[in-house]
Amino acid sequence: MEKTLNVAVLGAGTVGSQVIRLIEEKNGELAARSGAKLRISAVVVRDVHAPRDYDVPREVLTTDAETAIDEADIVIELIGGIEPAFTFVKRALSNGATVVTGNKALLAQHGPELYELTATNDTDLYYEAAVAGAVPIVYGLRESLAGDTVNRVVGIVNGTTNFILDQMHTTGASYEEALKEAQDLGFAEADPSADVDGLDAAAKCALMASLAFHSRVAMDDVAVEGITSITSKDMEEAARTGFAIKLLAVAERRTDDAGTDGIGVRVHPTLVPLTHPLATVSGAFNAVVLECESAGRLMFYGQGAGGAPTASAVLGDVVAGASHRVHGGHAPRESRYAQLPILDPGTARTRYQMRLRVEDRAGVLSEVSGIFARHGVSILAVTQHQIDRHREAEIVLSTHTTREADLEAVADALGKSNAVLSVESVLRVEGDG
Ligand code: HSE
């Protein structure tokens, strides 16, 4: 006789509502695929009378999370944030329930403890929806590439910031105008800081790095810069020099100055050559490029947010979890055997483009280039535009690949130089050179 599994859904917002709809509408197919009938035993919400995107049956709505969790075989956590999600997920795992979550902040902060509870209680923890919505990057790294060596992960993993930057690039909108449009269209929250300050991307970067490099990487390990200082002028200059500006999450194996092998993890706005596949990722879409030893280069692309796309990732995990409960076996456990250290971001090596406002007089270019030379930073190209007929000019310099700390020292010295009126922007460039 077909087994029935009780499923508790914590949270019935945009994603939760779609998960409930799909479990109801596709019940027969999901049962055929997993070997178990999925019965929604409880939907935990703060207010059972609040309006929702999908008409959840009244009899399963409850505010009693503890009872809902204790009666469930599978707990789907879609509340977000750290508490009470952390307490609820711990309770579910301690009961031996399978947990499916989309909560990147919780995993990036408390992943190790949750993995340990999963192992002690002989159950499974799934989180495909935590990184890049519908895009199966967690499965790709955790299972498909388990036999390969991943050297680099670089991706656009925040749709809100990609939408804002894309609007600025294609319409000439200012940052403020593009943010307002993202808010009007429902991409950006009223308080957009988690997205625009790069924190959401940093949590996803930590999760991808942990999986790719078989090491523990926490959100605090990621060096983060958001997009709030990107101006229309930066966009114009990027387009003129053949680049798009994208908020990239970069996780890579590298070696530091002392020859130590480790991991570099960072999130920052980046000049991406228009010929690079990530430059073509528009609107609120996500994409991740993996550089692997045997598989070579792989690109994952798709919808990184939204109710139905994220629900697709959740349901993939639910089917896998249900199938393991019926047929035995487990999802992969945490793999952290490599224990690679997190390297100082100052030892990262990348290319840069810098825009300076300078006095337009004899000797200025020589003074500027002298500062680069003194710090051992090699200039790749320089262009100058006159701003004011006699007094001011703008210089755009790009560098060969250089150490981050050396470039910071250059920017600092330029800021103090009499020849330089202001350092207008310093942006990293994706790719070697
Ligand atoms: N706020 C995120 C984004 C989606 O804009 O991509 C959820 O992580």
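Anything mentioned here points back to the structure above.
Here the structure is a predicted model, which means the values were calculated and not measured. Per chain, residues are indexed from 1 in the order of the written sequence. Note on the predicted model: pLDDT of at least 70 is required for a residue's local features to be given, and 80 or more for side-chain atom pairs to be given and counted; whole-chain, interface and lining totals, by contrast, use all residues. Hydrogens are left out, water is left out, and the side-chain values use all remaining heavy atoms of the structure.

1. A closer look at the sheet that holds strand 3 (residues 61-62)
Taken in spatial order, the 6 strands line up as 3-2-1-4-5-6 in an open sheet, and their pairing is parallel. The strands lining the two open edges of the sheet, one partner per strand, are strand 3 and strand 6 (125-126). Pairing geometry for strand 1 (residues 3-10) and strand 4 (residues 74-77), over 4 bridges, is parallel. Each residue of the ladder has a partner; that of V9, found in strand 4, is I76. Pairing between strands requires that DSSP locate at least two bridges from one strand to the other. Put simply, DSSP marks the helices as runs of H or I at least four residues long and the strands as runs of E at least two long, and each gets a number from the N terminus on.

2. Points about the nonpolar core
Definition used in this section: a nonpolar core is a set of buried Ala, Val, Leu, Ile, Met, Phe, Trp, Tyr and Cys residues joined via side-chain atoms within 4.5 Å. Only protein chains enter the calculation, and the probe is 1.4 Å; a residue is then buried if its accessible area is under 20% of its type maximum, exposed if over 50%, and partly exposed in between. Formed by 80 residues in total, the largest nonpolar core has its most connected members in I137, L141, I164 and L290. Looking at this core element by element, the count peaks at 11 residues for helix 10 (residues 199-213). Any pair of residues with heavy atoms lying within 4.5 Å of one another is described as a contacting pair. Ignoring anything within four residues of it in the chain, the contact list for L290 reads I137, L141, L145, R152, V153, G296, R297, L298 and F300. Formed by 34 residues, the second largest nonpolar core is a distinct cluster that contains V9, A12, Y126 and A129.

3. Quick notes on the side chain of Q18
Looking at the element boundaries, Q18 is found in helix 1 (residues 14-25). For this analysis, a polar contact is any N or O atom pair within 3.5 Å, provided that within protein one partner can donate a hydrogen and the other can accept it, and provided that sequence-adjacent residues contribute only side-chain to side-chain pairs. A polar side-chain atom of Q18 sits 2.8 Å from a polar atom in the side chain of R21. When sequence neighbours within four positions are dropped, the list of residues in contact with Q18 reads G307, A308 and A311.

4. Regarding the pairing of strand 10 (residues 261-273)
On a regular strand, each side chain points to the face opposite its neighbour's, so the side chains alternate between the two faces of the sheet. For strand 10, the buried fraction is high: 12 of the 13 residues fall into the buried class. Pairing of strand 8 (residues 223-224) with strand 10 involves 2 bridges; the strand directions are parallel. Considered in strand 10, the bridge of A223 is made with R266. Summarising the sheet, strand 9 (residues 243-255) and strand 10 pair through 13 bridges and their orientation is antiparallel. Following the sheet pairing, L247 is matched in strand 10 by P269. Adjacent in sequence and paired antiparallel, strand 9 and strand 10 are bridged by 5 residues, among which G259 carries a positive phi angle near 85°. Two strands pair when backbone bridges link them, and strand 10 and strand 17 (residues 420-429) are joined in this way by 2 bridges, in the parallel orientation.

5. Considerations on unusual backbone geometry
Residue P84 is reached from E83 by a cis peptide bond, and omega for that bond is 10°. Looking at where P84 falls in the secondary structure, it is placed in the loop between strand 4 and helix 4 (85-94). For H214, which is not glycine, the phi torsion reads 50° and is therefore positive. With respect to the helices, strands and loops of the structure, H214 is situated in the loop between helix 10 and strand 8.

6. A word on the site of the ligand
By convention in these notes, a residue is near a molecule or strand provided one of its non-hydrogen atoms lies within 4 Å of it. For the ligand, the full set of nearby residues is K104, N158, G159, T160, D195, D200, K204 and A305. Contact between the ligand and T160: an oxygen atom at 2.5 Å from a side-chain N or O atom of the residue. Across the complex, the protein chains shield 80% of the 260 Å² of accessible surface that the ligand would expose by itself. Of all the secondary-structure elements, those providing two or more residues to the shell around the ligand are helix 7 (159-171) and helix 10. Classification used: nonpolar for Ala, Val, Leu, Ile, Met, Phe, Trp, Tyr, Cys and Pro, charged for Asp, Glu, Lys and Arg, polar for all others including Gly. For the shell around the ligand, the residue count by class is 1 nonpolar, 3 polar and 4 charged. Areas reported here follow the Shrake-Rupley algorithm with a probe of radius 1.4 Å; residue values treat only the protein chains shown as occluding.

7. A few points about the packing of aromatic side chains
Pairing of aromatic side chains here covers Phe, Tyr and the six-membered ring of Trp, requires ring centres within 6.5 Å, and sorts the geometry by plane angle: under 30 degrees stacked, over 60 edge-to-face, intermediate tilted. Evaluated as defined, the whole model comprises 3 aromatic pairs. Here Y115 and Y127 contribute two aromatic rings whose centre-to-centre distance is 6.4 Å and whose plane-to-plane angle is 80°, an arrangement assigned as edge-to-face. Of this pair, Y115 sits in helix 5 (residues 104-120) while Y127 sits in the loop between strand 6 and helix 6 (137-144), placing them 12 residues apart in sequence. With relative accessibility at 13%, the residue Y115 sits in the buried group. Relative accessible area serves as the criterion here: at 3%, Y127 is assigned to the buried category.

8. Remarks on the packing of helix 6 against helix 10
Between helix 6 and helix 10, whose axes approach to 9 Å, the crossing angle comes to 20°. Between helix 6 and helix 10, the angle is such that the two are roughly parallel. Of the two possible hands of crossing, helix 6 and helix 10 adopt the one that is left-handed. Here I137, V138, L141 and R142 of helix 6 lie close against helix 10, whose contacting residues are M208, L211 and A212. By residue class, the composition of the contact of helix 6 with helix 10 is 6 nonpolar, no polar and 1 charged. Lines fitted to C-alpha atoms define the axes, with helix axes restricted to the stretch in contact, and inter-axis angles between N-to-C directions lie between 0 and 180 degrees. In what follows, roughly perpendicular refers to angles from 65 to 115 degrees, roughly parallel to angles under 35, roughly antiparallel to angles over 145, and oblique to any angle outside these ranges. Crossing handedness follows the turn of the near helix against the far one: under a right angle anticlockwise gives a left-handed crossing, and clockwise gives a right-handed one.

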